[in-house]
Number of protein chains: 2
Amino acid sequence: MSSKYPAGRLPEPPSPIADDGDETHFCGTCAFSSACIAAGYDKPELAELQCLVEHVGPFRAGEHIFRTGDPFRAIFAVRGGTVKTRMVDKEGREQVLGFYLPGEVIGLNAIYPEHFPCDAVALDTAFFCRFSFPAMSALAARVPAVQQHLFRMLSKELGTASLLAGDHSADERVAAFLMDLASRYAARGFSATRFHLSMSRGDIANYLRLAAETVSRVLSRFRNQKLIQIEGRELHLLDPAGLRKIGQALLPD
Amino acid sequence: MSSKYPAGRLPEPPSPIADDGDETHFCGTCAFSSACIAAGYDKPELAELQCLVEHVGPFRAGEHIFRTGDPFRAIFAVRGGTVKTRMVDKEGREQVLGFYLPGEVIGLNAIYPEHFPCDAVALDTAFFCRFSFPAMSALAARVPAVQQHLFRMLSKELGTASLLAGDHSADERVAAFLMDLASRYAARGFSATRFHLSMSRGDIANYLRLAAETVSRVLSRFRNQKLIQIEGRELHLLDPAGLRKIGQALLPD
DNA sequence: CGCGCCTTTGACATCGGTCAACTTTAGTGG
DNA sequence: CCACTAAAGTTGACCGATGTCAAAGGCGCG
């Protein structure tokens, strides 16, 4: 499946979920696949996972998967495409909280408040597995691997503030952002050196707490330094080691 | 119990856990009390909660509750005192991740990596309930209220990035920080307008991504504007509404 | 084809960081 | 109880990275 999306760009929308394999196999990039494997594909519990999951989409760029204030009933695993989550304060200023790639999960921050605390907006054509949360927690109580998986996903997301931490220069932030995207694409089997930026410079800037102009300038500088090749939103990391060094203070290891 | 700590300041250390009540009651400020109540104090499950909890402390100011890299075995609920969590990057720069007051829980971000990703350091004399996490998740599988409580705690912590979000002025950040502390103290039954700042200006600044001098200047300005009264680390909020207005972009509601 | 949004680049302004000096507080030992 | 020291906090002067404003070009979409 991943080979169909060589640069994170989706093919044309028609009949997009068709090749999802037989009913007892979820998409290979699904964030829950490890839980499924742990439970064993032939166990009766799997039938229940089948019941509580629902394929939704396509959502086109700009469409909402959920909105601030919507009652929380389910979490969503990205099957294809890209999503940004954002909050909009009462003065109307947008604050981008994160970007989510295939295999990643959105909506976990809505469990406690029981309403979504943010919007989720598709950045390109996107598809999801929708998991009913009440059904999911009921299953978790009977299948330890599912419970553990939920705990781990929640805990993992707690460690995601790193890119925003500290008073770091624009260069550090942008370099770390690119390397973070690269490693997340790599973790799902996509290329770690060539991919498409589904989000605008403005979204990147907002997420990194910079001005759009600053992001643009940094990217231009990186290009001049032969660290990257970039044309519009098509990105090629020419010197990942160099970028990693620049962003090291913000990156794991 | 909370009435013993009128301004978040602890009494002298000797025999500090003595008045913890009988064995079937945890401290009233404990983050788990709602789970205990949900399960019912007389249920047999409570005996198991008793088994997996362990009172630890006192830790003196500067002592570590856990360190980066320690294997994850338990989470800690603050029973008294204050804690900061922090990461130290390889250049030795400290990054304060958060402050934790009585009733709040630390260590949740270690579930996924299975090792603590940060240090936890006592800011004053501090006590904890230590919950074995393996025992806790086993119990969660059998007691839905405990599972739900864990999910909610994890999810709640996901929403805690707000104070650091966005490109906001130093005034906004400091005002929001003070109001956030006030509401957290209030939620635990302490005064919302008078409390002790257990952390240094440097820690506050680091947490808010400012320089210590900036925090000092902002606090001085707030004092001149009669928004607060502050003497050393003793704080009195004279105009909470005014502070809330300044920090509104970063505060809930 | 034309409109709007995104992106790039330049000129300038500013908030907050850095450096430095000084004061205050807390801790230690005589 | 006081003297001494180190750390924390305050305040001022200066400077630089980044935001803001502006203009122009490019790209996609209707």
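Residues numbered from 1 in each chain as written. Chains lettered and ligands numbered in written order. Predicted model: local features only at pLDDT ≥ 70, side-chain atom pairs only at ≥ 80, totals over all residues. Heavy atoms only, no water.

K.L.:
What should I look at first to understand the protein's contact with DNA strand D in this one?
P.N.:
Neighbouring residues of DNA strand D: 16 residues in total, closest T214 of chain A together with R201, S216, R217 and S220 of chain B. Counting only atoms of DNA strand D within 4 Å of the protein, the fraction found in sugar and phosphate groups is 60%. Within the side chain of S216 of chain B, an N or O atom sits 2.7 Å from a phosphate oxygen of DNA strand D. Between DNA strand D and S220 of chain B there is a distance of 2.5 Å, counted from a phosphate oxygen to a side-chain nitrogen or oxygen. Every element with two or more residues in the surface near DNA strand D is listed here: α7 (212-224) of chain A together with α6 (201-208) and α7 (212-224) of chain B. For the surface near DNA strand D, the leading source of residues is α7 of chain B, giving four residues. (Near = heavy atom within 4 Å. Polar contact = N/O pair within 3.5 Å; in protein donor to acceptor, adjacent residues only side chain to side chain. Helix = DSSP H or I, 4+ residues; strand = E, 2+ residues; numbered from the N terminus.)

K.L.:
What should I look at first to understand the sheet that holds strand β2 (residues 64-66) of chain B in this one?
P.N.:
Two orientations exist for strands paired in a sheet by backbone hydrogen bonds: parallel and antiparallel. Residues and elements named next belong to chain B. Pairing in this open sheet of four strands is antiparallel, and the strands run β2-β7-β4-β5 from one edge to the other. Only two strands of the sheet have a single neighbouring strand rather than two, namely β2 and β5 (94-100). With strand direction ignored, the average angle separating the axes of adjacent strands in the sheet is 30 degrees. As judged from the two bridges shared by β2 and strand β7 (residues 119-122), these two strands associate in the antiparallel manner. (Pairing = 2+ DSSP bridges. Axes fitted to C-alpha atoms, helices over the stretch in contact; angles between N-to-C directions.)

K.L.:
Sorry if this is basic, but what is going on with the relation of the copies chain B and chain A here?
P.N.:
Each of the two copies of the chain can be brought onto the other by a rotation about an axis and a shift along it. Under the fitted operation, chain B is carried onto chain A by 0.0 Å of movement along the axis and a turn of 180 degrees, and the coordinates agree to an RMSD of 0.0 Å. The transformation just described matches what one would write down for a two-fold rotation axis. Across chain B, the smallest distance between a C-alpha and the rotation axis is recorded for A141 of chain B, namely 2.2 Å. Residue by residue, 100% of the interface of chain B is reproduced at the interface of chain A, so both copies engage with the same surface. (Least-squares fit on C-alpha atoms with pLDDT ≥ 70 in both. Contact = heavy atoms within 4.5 Å.)

K.L.:
Sorry if this is basic, but what is going on with the confidence of the model for chain A here?
P.N.:
Interpretation of the predicted coordinates at a detailed level should be avoided for regions scoring low in pLDDT. In this model, chain A carries a mean pLDDT of 84, and residues with pLDDT of at least 70 account for 81%. Counting interchain partners and residues more than four positions distant, the pLDDT-below-50 stretch residues 1-25 of chain A has 39 contacts. (pLDDT = per-residue confidence, 0-100.)

K.L.:
Would you take a moment to explain the protein's contact with DNA strand C for this structure?
P.N.:
The immediate surroundings of DNA strand C are formed by 16 residues, with R201, S216 and S220 of chain A together with A170 and T214 of chain B found nearest. Counting only atoms of DNA strand C within 4 Å of the protein, the sugar-phosphate share comes to 60%. Taking S216 of chain A, its side chain carries an N or O atom lying 2.6 Å from a phosphate oxygen of DNA strand C. Residue R217 of chain A places a side-chain N or O atom 2.9 Å away from a base nitrogen belonging to DNA strand C. Ranked by residues supplied to the surface near DNA strand C, first place goes to α7 of chain A with four residues.

K.L.:
Would you mind going over the interface of chain B and chain A with me for this structure?
P.N.:
Much of the literature gives interface size as the accessible area that the parts lose upon coming together. In this assembly, 36 residues from chain B lie in contact with 36 residues from chain A. Buried surface at the junction of chain B and chain A, both sides included, amounts to about 3,000 Å², of which 61% is carbon and sulfur. When the area that chain B buries against chain A is broken down by residue, the three leading residues are Y112, F151 and L158 of chain B, summing to 24%. On inspection of chain B and its partner chain A, the count reaches zero salt bridges. Connecting chain B to chain A are 12 residue pairs in polar contact (both at pLDDT 80 or more). Here the element with the most residues in the side of chain B that touches chain A is helix α4 (residues 144-158) of chain B; it accounts for nine residues. (Buried area = accessible area lost by both parts, 1.4 Å probe. Salt bridge = Lys/Arg side-chain N within 4 Å of Asp/Glu carboxyl O.)

K.L.:
What's the story with the sheet that holds strand β9 (residues 194-196) of chain A in this structure? I'm lost.
P.N.:
Residues and elements named next belong to chain A. Spatially, three strands are ordered β9-β11-β10 in an open sheet, and the strand pairing comes out antiparallel. Each having just a single partner strand, β9 and β10 (228-231) make up the two edges of the open sheet. The sheet shows a mean angle of 15 degrees between the axes of neighbouring strands, taken without regard to direction. On the sheet, helix α5 (residues 170-187) packs against β9, β10 and β11 (234-237) and is oriented at approximately 100 degrees with respect to β9.

K.L.:
Hey, could you run me through the packing of aromatic side chains in this one?
P.N.:
In total, this model carries 25 aromatic pairs over all chains according to the counting rule given. Arranged with centres 5.6 Å apart and planes meeting at 85 degrees, the rings of Y185 of chain A and F190 of chain A form a pair that is edge-to-face. Of the two residues, Y185 of chain A and F190 of chain A, neither departs from the other in class, the shared state being buried. Measuring from centroid to centroid gives 5.2 Å for F72 of chain B and F133 of chain B, while their planes differ by 50 degrees, and the two rings are tilted. Remark: F133 of chain B occurs in helix α3 (residues 133-142) and F72 of chain B occurs in the loop between β2 and β3 (74-80); sequence separation between them is 61 residues. (Phe/Tyr/Trp six-rings, centres within 6.5 Å; stacked < 30°, edge-to-face > 60°. Buried < 20%, exposed > 50% of the residue type's maximum accessible area, 1.4 Å probe, protein only.)

K.L.:
Please clarify how the nonpolar core should be interpreted in this entry.
P.N.:
Judged by nonpolar contacts, the single largest core of 76 residues is most densely connected at I65 and F128 of chain A together with I65 and F128 of chain B. Not counting chain neighbours up to four residues away, the residues in contact with F128 of chain B comprise E54, H55, V56, F59, I65, F76, A77, V78, R79, V83 and I106 of chain B. (Core = buried A, V, L, I, M, F, W, Y, C linked by side-chain atoms within 4.5 Å.)

K.L.:
Got a minute to help me understand the environment of K90 of chain B in this structure?
P.N.:
Examined against the element boundaries, K90 of chain B turns out to sit in the loop between β4 (83-88) and β5. Dropping the residues within four chain positions of it, K90 of chain B is found in contact with Q248, L251 and D253 of chain A. For K90 of chain B, the side chain forms a polar contact with the main-chain oxygen of D253 of chain A, separated by 2.6 Å.

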